[in-house]
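Inside the fold
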Amino acid sequence: MLRVSKSRERRSEILFALGNLVPALVLTVGLYALPVRWWPADVVVGSAVLALPVTSAIVFGRPALSRQALRVGGSVLLVVGLAIVAAALLSIAFLSGIHGDFGQGGVTLMALIGFLVLPYVVVYPVFELWWLDRHRQQGDRRAEVGAVSVAPAPAVESRDDGGAIA
Amino acid sequence: MSPRALGRLFSVYLAALLVLCLMLQKVLGVDRSRAAGRSIVSTWAGGVRRARVAVPGGEDAGARIRVALDDQARRVRGIGTVEDVLDDSPVLFKSSFLFGASFVPARDGVEVTYDGRVAYATIDDLLALKAYDHPLVFGPIRFQLGIDADVVWEALAKELGVSVADLLEHGRFRRLALRHRVPPEPAPKVTADTLRDAALAAGRYLARAVRADGSYRYEVNALGNTENEGYNWPRHAGATWYLAESALYAQDPAMLAAVERAAQRLAGSALMTCGAHRCIGEGDRADLGSSALGLLALSELVLGGRLPELMPVISDLAAFIRSQQRPDGEFMHFYDRTENHPVDVQVLYYTGEAAFALGRAARVTHDQKDVDAAARALDRLVTYPAWYVGWHYFYGAEHWTCHALDELWERAPNRKALRFCLDWQAFVYDTAIWGREASPEYDGATSAGPFVPPAIVGTATRMEAAVATLRVAKIAGVSASELERLQAGVDAGLGFLLRTELNPGPTQIMVNPGMMRGGVPNTPVDLTVRIDYPQHAGTGLIGYLKQLERRGPG
């Protein structure tokens, strides 16, 4: 039973490692396609583009470090995601300040972009970190239970009565 | 970090972001409903600004403006303009992209203060500099925001006699929300009179564009009255069709003479042999569109009693088009003249154009084969697969289909085609621009993106189709609510066309406004006029005018 559960968790780790590569790819394309170069954006997004494949590679190559690597990858993705959300909302505020109400078309376009971006850069890493946290807690609990089950029985004094019959 | 701590952090992040967004919006916003705080009075001659002064607003502003205009008129002979400054706001960024994005095209100007001196780039200046027409192209995506910062900085630096680097380092920029007081911004209502004026202006523009040899000044930059390179026979033919319709309506001798030159060019040097028939075009590969629109133009003229000697050409062109039709109603869009066979490839428009042209030609050929071929083609056009995205005709551009519907309704009514056109017009209405705060004059226009001025020709093609659909919808007994919505779309869309036609347009920034009168530009900020722009706009305008005239007063 424990072995089945372990292999399922390993499969999830690999799925997360693969999943992290998708936003890494999207961020790479985004970084390349940005119309203006601004070094803070380049540094933040570029770091994520490097960090995500590296952490995924660790998951594949060093299973013992999988959880730590995924935690780093998920955190990096979440930070970049929140930065992108902040940039998007500030852009909308900027455009709204400049153009005023820009009509239904603009709202629809912004909503569409939001719904396309949010699942990958916010919902997915939050889910990943939540899963890691849950399994860390489960792991801790299992460790506690395991510690209880394999602990030596309390010492009882055994005395050889020499076959004496009471 | 525990989930609860993360949640708390996330709440702080959201709250801070919200506050920042609200502050940014508040700082950058302008109120365009305010009274003018000051006015910028300028005088232009030959498309170049010769004088400028800023006049304070408030009481007696009108008198001060008159004095300023008179003063400039004494010094310079030209066109006086007044642009009111309704409000202003800071420009927060000096990166080229973000600076450019800080302005609304055709609504905002730039003010810069440098060393105690002030320079302006008003709407007229920015139009003359073509600074609003500033697309960023990423592959197939054309992205346009605000103004071309580099062009504006260069112009302002020149005006102040400093370098661009100095200007950017020491200049303080502000955005000005502007509105033209003189000349006033056009706001014509859609009436028979305004439609007639605009439709005939478009026709007269085309008539002036016909050269002695019957070819057109194909594409002209309205600012400098300069021609761009290129020519296109389907567009020559389409423009000639509209010129014929407007000239016959007006019975204007100059227009009639021009259209006859353009038609004779079609039926003369543009006519070639395509196997057993004659076709219109050039080179080894003839396209169906040139022959179809050529047939349409010649038929229109002969129907109006002009050039009856062209009847044999009309019959031959109709026969050529029929010979390109497949049994399923679709047309083969090209003809290989070296190997003498049709090429079964389809592109946008040509099948609709052929259906419409055959329907119209049948009125002069009296050949039922033309009507039947047109009806089969129309049916094919509106029998699209369930997975419409994969269809090779683009939903947003099938205006010729609705012309064919209108043309054939009395002889071969097609309810499926009517439904197609009504649905398409509902889509056009739903995706049109409505309620854009900075540019309410765009209401009813076809959107080219949320922050971008609309494409006028896109609106024009949809409106000509809407007008054609409206006529049929009224006859076919379409529900009152659907008719009302269609009518509302037509009124708004044609209203937008009336406002954007160069009738006369911003004459102050043009070298030769007389030549451009009646031209329809590409967009409100790209004043390039190609011959098909007035054609499409004029077709919608005159079509609706004729409907109003048939209905009579009241």
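A quick note: this is a predicted structure, and the numbers were derived from the prediction, not measured.

In terms of regular secondary structure, chain A is built from 4 helices and 0 strands. Ordered by position from N to C terminus, the α and β elements of chain A give α-α-α-α. Counting the 166 residues in chain A, one finds 33% classified as buried. Long-range pairs, those at least 24 residues apart, make up 78% of the contacts in chain A with a sequence separation of at least 6.

Residues and elements named next belong to chain B. Interaxial distance between helix H11 (residues 311-323) and helix H12 (residues 350-365) falls to 10 Å at its minimum, and their mutual angle equals 140°. Regarding the angle of H11 to H12, the classification is oblique. By crossing handedness, the relation of H11 to H12 is classed as left-handed. Judged by residue contacts, Met311, Ile314, Ser315, Ala318, Ile321 and Arg322 of H11 engage Ala354, Leu358, Val364 and Thr365 from H12.

Turning our attention to unusual backbone geometry. The phi angle of most residues is negative, glycine excepted, and most peptide bonds adopt the trans form. All names here are of chain B. Of note, the amide linkage connecting valine 182 to proline 183 takes the cis form, showing an omega dihedral of -10°. Geometrically, the link from asparagine 503 to proline 504 is a cis peptide bond, its omega value of 10° lying close to zero. Following the sequence through the fold, proline 504 ends up in the loop between helix H17 (480-500) and helix H18 (513-516). Phi at asparagine 340 takes a positive value of approximately 55°, unusual for a residue other than glycine.

On to the pairing of strand S1 (residues 38-45) of chain B. Residues and elements named next belong to chain B. By the criterion of burial, S1 is predominantly enclosed, with 8 of the 8 residues buried. Residues Arg38, Ile40, Ser42 and Trp44 line one face of S1 and the alternating positions Ser39, Val41, Thr43 and Ala45 line the opposite face, and both faces are buried. Pairing of S1 with strand S3 (residues 79-90) involves 7 bridges; the strand directions are antiparallel. Across the sheet, the residue bridging to tryptophan 44 is isoleucine 79, located in S3. In this sheet, strand S2 (residues 48-56) lies alongside S1 in antiparallel orientation, the contact comprising 8 bridges. Within the sheet, the bridge partner assigned to alanine 45 lies in S2 and is valine 48. Following S1, the chain reverses through 2 residues before pairing antiparallel with S2; glycine 46 in that reversal takes a positive phi of roughly 60°.

Residue and element names in this part refer to chain B. The strand order across the open sheet formed by 3 strands is S10-S9-S16, and the pairing between neighbours is antiparallel. Single-partner strands in this sheet number two, and they are strand S10 (226-227) and strand S16 (528-530). Against the sheet, helix H19 (residues 532-551) makes contact with strand S9 (219-221) and S16, and its axis sits at roughly 75° relative to S16, the strand it touches most.

We now examine the packing of aromatic side chains. One pass over the structure, following the stated rule, counts 18 aromatic pairs over all chains. Ring centres of Phe99(B) and Phe173(B) lie 5.1 Å apart, and the angle between their planes is 80°; on these two criteria the pair is classed as edge-to-face. Here Phe99(B), found in helix H3 (residues 96-100), pairs with Phe173(B), found in strand S8 (residues 172-182); they are 74 residues apart in sequence, far enough to count as distant. A single burial state applies to Phe99(B) and to Phe173(B), both of which are buried. An aromatic cluster of three or more residues is present, and its members are Phe16(A), Tyr124(A), Phe127(A), Trp130(A) and Trp131(A). Sitting over the face of the ring of Phe334(B), Arg285(B) holds its NZ or CZ atom 4.6 Å from the ring centroid.

Looking now at the side chain of Arg462(B). All names here are of chain B. Tracing the backbone shows arginine 462 in helix H16 (residues 456-476). A polar side-chain atom of arginine 462 sits 2.9 Å from the main-chain carbonyl oxygen of glycine 458. Discounting residues that sit within four places of it in the chain, arginine 462 has contacts with Gly396, Ala397, Trp424, Gln425, Val428 and Thr446.

For the rest of this paragraph, the subject is the sheet that holds S2(B). Residue and element names in this part refer to chain B. Read from one edge of the open sheet, 6 strands run S2-S1-S3-S8-S4-S5, paired in antiparallel fashion. Since the sheet does not close on itself, it has two edges, and those belong to S2 and strand S5 (117-121), each with one partner. Strand-to-strand twist in this sheet, taken as the mean axis angle between neighbours without regard to direction, amounts to 30°. When strand S4 (residues 108-114) meets S8, the two strands line up antiparallel, connected through 6 bridges. Counterpart to glycine 109 in the pairing with S8 is leucine 176.

We now examine the confidence of the model for chain A. On average, residues of chain A score 81 in pLDDT, and 81% of them are at 70 or above. Taken together, the stretch residues 155-166 of chain A has pLDDT below 50 and engages in 0 contacts with residues farther than four places along the chain or on a different chain.

What follows concerns the interface of chain A and chain B. Chain A puts 24 residues into the contact, and the matching count from chain B is 30 residues. For the chain A face of the interface with chain B, the top three residues by lost area are Phe94(A), Ile98(A) and His99(A), together amounting to 30%. Taken together, the links from chain A to chain B amount to 0 salt bridges. Linking chain A with chain B are 6 residue pairs in polar contact (both at pLDDT 80 or more). Elements with a minimum of two residues in the side of chain A that touches chain B: helix H3 (66-99) and helix H4 (103-149) of chain A. For the side of chain A that touches chain B, a count of residues per class yields 15 nonpolar, 7 polar and 2 charged.

Residues and elements named next belong to chain B. Along its sequence, chain B is carved into domain 1 (31-182) and domain 2 (192-551). Taking only C-alpha atoms, the centre of domain 1 and the centre of domain 2 are 38 Å apart. Contacts between the two partners involve 19 residues from domain 1 and, on the opposite side, 17 residues from domain 2. Roughly 1,600 Å² is buried in total at the junction of domain 1 and domain 2, and carbon and sulfur atoms are behind 63% of that figure.

Next up on the list: the pattern of salt bridges. Residue and element names in this part refer to chain B. A full pass over the atoms with the stated rule returns 47 salt bridges over all chains. Between glutamate 159 and arginine 49 there is a salt bridge; the shortest N-O distance is 2.9 Å. Linking glutamate 159 in helix H5 (residues 149-160) with arginine 49 in strand S2, this pair joins segments that are 110 residues apart in sequence. According to the relative accessible area criterion, glutamate 159 is partly exposed, its value standing at 41%.

Conventions we followed
Residues numbered from 1 in each chain as written. Chains lettered and ligands numbered in written order. Predicted model: local features only at pLDDT ≥ 70, side-chain atom pairs only at ≥ 80, totals over all residues. Heavy atoms only, no water. Helix = DSSP H or I, 4+ residues; strand = E, 2+ residues; numbered from the N terminus. Buried < 20%, exposed > 50% of the residue type's maximum accessible area, 1.4 Å probe, protein only. Contact = heavy atoms within 4.5 Å. Axes fitted to C-alpha atoms, helices over the stretch in contact; angles between N-to-C directions. Parallel < 35°, antiparallel > 145°, perpendicular 65-115°, else oblique. Left-handed = near helix turned anticlockwise from the far one by under 90°. Pairing = 2+ DSSP bridges. Phe/Tyr/Trp six-rings, centres within 6.5 Å; stacked < 30°, edge-to-face > 60°. Lys NZ or Arg CZ within 6 Å of the ring centre and 35° of its normal. Polar contact = N/O pair within 3.5 Å; in protein donor to acceptor, adjacent residues only side chain to side chain. pLDDT = per-residue confidence, 0-100. Buried area = accessible area lost by both parts, 1.4 Å probe. Salt bridge = Lys/Arg side-chain N within 4 Å of Asp/Glu carboxyl O. Nonpolar A, V, L, I, M, F, W, Y, C, P; charged D, E, K, R; others polar. Domains from an automatic or database assignment.

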